[in-house]
Amino acid sequence: MANTPESQKPTSGTKRIVAGQKQPKAKRRRVLEIGLAAGLVLLIGAGAAVASVVSNNNQAAPVPSATPAAELKLGYFSNVTHAPALVGTSKGIIAKELGETKLSTQVFNAGPAAIEALNAGAIDATYIGPNPAINSFVKSNGESVSIIAGAAAGGAQLVVKPEINSAADLKGKILASPQLGGTQDVALRAWLLDQGFKTNTDGSGDVNINPTENAQSLKLFQDGKLDGAWLPEPWASRLVLEAGAKVLVDEKDLWEKGDFTTTILIVNKKFAAEHPETVKALLKGHVESVNWLNTASAEEKASTINAVLKDTAGKPLPANVITRALQNIKFTTDPLAGTYKKLLDDGVKAGTTKEADINGIFDLRALNEVEGKKTSAAGLGQD
């Protein structure tokens, strides 16, 4: 046994109590009285503390203030439909707004992979299509993500071989989409169902759908191994201008007023709760990036986007491809919340999600504060 420090040795006139040793009755009564008195003091103190919290206007105890994150991990795709991310990161717009918070980025091919990374904590926020965000919200019972802004509308088409002239010609054909459960995958499956075709998520059915990376879809189409694909820009334009495909369906023709969401900005709910100021800073950079896209000249816009695509995809787009792609896209911070019930219905029809209540999927309060105007959540969240 170690020696007892001098400060802990019993002093003169103090009787040391050893575990298991009986105390004289008088001494035990005194110890009990002291204990009761101490307990009463603690209870009175605790009661006073509680009273001080609730007595003044019945206010709850203050919650510790949230702090900016040390790092924001942001995801996006190497697509023209993700131009707000391409511009915001390459021009330093988002990093400037984040201030001391470090910005790190990760590039994805399609939505489901980005959602997996977000839910695993590998990223904190991401640009993404709406359907993977809906799927994640539904599967987590509303706990995983919040949609905090729109980014792009339009810019998705079903492009096919020249000899395919109608939906009827697609029976038995092989089509591609970027990834199972992604926004274009859902759009393709829902549209085929409306044409009377059955598709299965395993690739079987009246029309075979093979989820394929966009670059591979181009190569397979060029090699004659693919009959068509439902793709976002710039890939739809690449198949048309580089591989001789033609447009069978422009998705804007399927929506009222031609408005449909292609890209949104979402955030992990836990991250947003812990770092609301960081999320607001991200939104400031996002809004500035969208505004830049809507005011820059066509040449400046194309060159800026192409520079990022060269870094992320290996080479820039031909001038005619990026020009065609940009003509098909509208950059907007409005996520078009009024379209989400149809998006959910399409996912149910496609077999990639289930019937659910998606109320609460939007949190547009920070966006509206940053922009100074109200973008509606269409009754599906806070605005």
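Residues numbered from 1 in each chain as written. Predicted model: local features only at pLDDT ≥ 70, side-chain atom pairs only at ≥ 80, totals over all residues. Heavy atoms only, no water.

**Description of the overall build of the protein**
How we decide: Helix and strand assignments follow DSSP, with helices taken as H or I runs no shorter than four residues and strands as E runs no shorter than two, numbered in order from the N terminus. Type-normalised accessible area, obtained with a 1.4 Å probe on protein chains alone, sets the label of each residue: buried when under 20%, exposed when over 50%, and partly exposed for intermediate values. A 1.4 Å probe and the Shrake-Rupley method give the accessible areas. Residues count as covered only by the protein chains that appear here.
Each helix and strand in the protein was counted, giving 14 helices and 13 strands. For the protein, buried positions account for 47% of its 383 residues. As displayed, the protein has an accessible area near 18900 Å², and 51% of this comes from carbon and sulfur atoms.

**Structural notes on empty space enclosed by the protein**
Defined as follows: Points on a 1 Å grid over protein atoms alone make up a cavity when a 1.4 Å probe fits among them but cannot get out, and a pocket when they form an open set with protein on both sides within 12 Å along at least five of seven lines; lining residues each have an atom within 4 Å of a point. Grid points are joined across faces, edges and corners, and a volume is the space filled by probe spheres set on the points. Note on residue classes: Ala, Val, Leu, Ile, Met, Phe, Trp, Tyr, Cys and Pro are nonpolar, Asp, Glu, Lys and Arg are charged, and everything else, Gly too, is polar.
Going through the model one piece at a time under the given rule, you end up with 3 cavities of 30 Å³ or more. By volume, the largest cavity amounts to about 140 Å³. Along its surface, the largest cavity is lined by 18 residues, and F77, G111, G129, Q184 and P232 are the ones closest to its centre. Contributions of two or more residues to the lining of the largest cavity are made by helix 6 (183-194) and strand 10 (261-268). Residue composition of the lining of the largest cavity, by class: 5 nonpolar, 13 polar and no charged.

**A few points about the packing of helix 8 (residues 235-243) against helix 12 (residues 319-327)**
Threshold: Axes here refer to lines fitted to C-alpha atoms; in helices the fit is confined to the stretch in contact. Angles between the N-to-C directions go from 0 to 180 degrees. By definition in this entry, angles of less than 35 degrees are roughly parallel, angles greater than 145 are roughly antiparallel, angles of 65 to 115 are roughly perpendicular, and the rest are oblique. Definitions for this section: a left-handed crossing has its near helix turned counterclockwise from the far helix by less than a right angle. A right-handed crossing has that turn clockwise. We call two residues contacting when some pair of their heavy atoms lies within 4.5 Å.
The contact between helix 8 and helix 12 brings their axes to 9 Å, and the two run at 140°. Classed by the angle they form, the pair helix 8 and helix 12 counts as oblique. When you trace helix 8 past helix 12, the crossing you get is right-handed. Together, A236, S237, R238, V240, L241 and E242 of helix 8 and N320, V321, R324 and A325 of helix 12 make up the contact between the two elements. Here the residues of the contact of helix 8 with helix 12 sort into 5 nonpolar, 2 polar and 3 charged.

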